[in-house]
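The residues making up each chain are set out below.
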Amino acid sequence: PVGEDGVRAALPTYRERLMPGGGVGAGGYGGMGGMHGMGMHGMGMHGMGGQNNDIPLYRAESADNTDWIFPPPRDLSFPAPFAAARQAAKEQRKWLMVNLQEPEKFDSHKLNRDTWSDETIVELLRSSFVFWQRTVGSSEGRLYKERYRVDDPKLPQIAILDPRTGAQLLELGGFVHPEELCSLIMDFLGNHSLDDVEAKETRSVRVADGRVAAGGGAAAPEETTAANPDPNPNPNPNANPDDAAGLPDAKAEAAEEAPMELEEREIVPEPEPSDKSACRLRVQLPNGVKVQRRFPRSATVGDVRYFLRVHTKDMEVSYQNFELSTNYPRQQYDDDSVSLEDAGLTPQAMLFLRDLDA
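Nothing here was measured: the structure is a model prediction, and the numbers come from that model.

J.: For the overall build of the chain, give the residues involved together with the corresponding values.
T.: What the chain contains, in helices and strands, is twelve helices and eleven strands. The buried share of the chain, reckoned over its 358 residues, is 41%. Of the contacts formed within the chain by residues at least 6 apart in sequence, a portion of 66% connects residues at least 24 apart. In the form shown here, the chain has an accessible surface area of approximately 20,800 Å², with 50% of it arising from carbon and sulfur atoms.

See the structure below:
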């Protein structure tokens, strides 16, 4: 009704509560239960990547009443139980990454805000992992916590599992900055392959104060590389090398051969850390040393090759004649004129340098 002054009285206030587990197509939202074609059952969860998942469990997890400051990435996390996520990773030949969240700790909220929203991290997860995120308060989260004996000080936990064996290969506790996590993931992908006949079991643990401790499992690739013996040992130190070679002047000519001239050119400037379009490359040298640098997307394979020649020129071992390749999938990069973007090395990649003079 309108009062004498021509102003309508305010509507009475009231409060309603949405019931968990409802929604369109499930009897919720004011009796719209008949609209199954618009509900989760009708969609078949295609909006979550086309996977035929456990719908009731997904509803239960989605109905978590946690007051998130920064909500978790629902479109990134695999919405089915842990066993189904592991099976999907096995079938897709991807690693399984788990994030067990503790909403009572602000680090969990920071992971949602900073790490899981980072474009580079999202790209890495979609290409190489099945990502499974739960809270410790959920039924699946409690089962995982008990099964893998996750202690409270390690929460929130990030872990990489081998989907073939369920073995935990990497474990991180607390908040991990996206740039640091990207570096760790690229290291992991460079040192592990699902093509291995025998699943390796290595473990790295980040405790609450930020320290990283490694232990157990297979030897690190750096140790393996450093331990390689001389490929051409001389069994008789008193033997005449000229006689053995059959070419009297071969050694002398090799010693007098001038070293490869390094062409004079500008090194491509490194983009600023704030430049989200930059390409991040990590290159593992034969001696185990890893070189990390950012390049513009427009930079070429030749620019990277020249940078590595200059960078290693003054090192104990200099690499001037080499090839660059990725480990998984295996691909060699020989065309120096191709841009990093056209070569498929953006936004990040792990490369391996093979010394052709070795």
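Let us keep going from here.
J.: Hey, could you go over unusual backbone geometry for me, with residue numbers and the actual values?
T.: Omega for the bond connecting Leu155 with Pro156 falls within 30 degrees of zero, at -5°, which places this linkage in the cis form. Summarising the element assignment, Pro156 is placed in the loop between α7 (139-147) and β3 (157-161). The omega torsion of the bond from Thr346 to Pro347 falls at -5°, within 30 degrees of zero and hence cis. Tracing the sequence through the fold places Pro347 in the loop between β10 (331-333) and β11 (348-355). Here the phi dihedral of Arg93 falls at roughly 55°; this positive angle occurs in a residue that is not glycine. Relative to the elements of secondary structure, Arg93 occurs in the loop between α4 (82-92) and β1 (95-101). Positive phi outside glycine occurs at Arg149, with the angle close to 50°.

J.: Give a detailed account of the nonpolar core, specifying residues and quantitative values.
T.: A general trend in soluble globular proteins is that nonpolar side chains are found buried together. Ranked by size, the top nonpolar core spans 24 residues in total, and within it Met97, Trp116, Leu125, Ile158 and Leu181 carry the most contacts. Considering every element that reaches this core, the biggest residue donor is helix α8 (residues 178-191), with five residues. Beyond its immediate stretch of four places on either side in the chain, Leu181 contacts Thr115, Trp116, Ile121, Ile158, Leu172 and Val176. Core analysis: the second largest hydrophobic core is formed by 22 residues, Cys279, Leu285, Ala299 and Leu345 among them.

J.: Run through the sheet that holds strand β7 (residues 279-284), naming residues and quoting values.
T.: Here five strands make up an open sheet; going across it, the order is β8-β7-β11-β9-β10 and the pairing mixed. The open sheet has two edge strands with one neighbour each: β8 (290-295) and β10. For this sheet, the mean angle separating the axes of adjacent strands, direction not counted, is 30°. Relative to β8, β7 is paired through six bridges, and the arrangement is antiparallel. Across the sheet, the residue bridging to Cys279 is Phe295, located in β8. Lying on the sheet, helix α12 (residues 301-313) is in contact with β7, β8, β9 (322-326), β10 and β11; it crosses β8 at an angle near 135°.

Parameters and conventions
- Residues numbered from 1 in each chain as written.
- Predicted model: local features only at pLDDT ≥ 70, side-chain atom pairs only at ≥ 80, totals over all residues.
- Heavy atoms only, no water.
- Helix = DSSP H or I, 4+ residues; strand = E, 2+ residues; numbered from the N terminus.
- Buried < 20%, exposed > 50% of the residue type's maximum accessible area, 1.4 Å probe, protein only.
- Contact = heavy atoms within 4.5 Å.
- Areas by Shrake-Rupley, 256 points an atom, 1.4 Å probe, with all protein chains shown as cover.
- Core = buried A, V, L, I, M, F, W, Y, C linked by side-chain atoms within 4.5 Å.
- Pairing = 2+ DSSP bridges.
- Axes fitted to C-alpha atoms, helices over the stretch in contact; angles between N-to-C directions.

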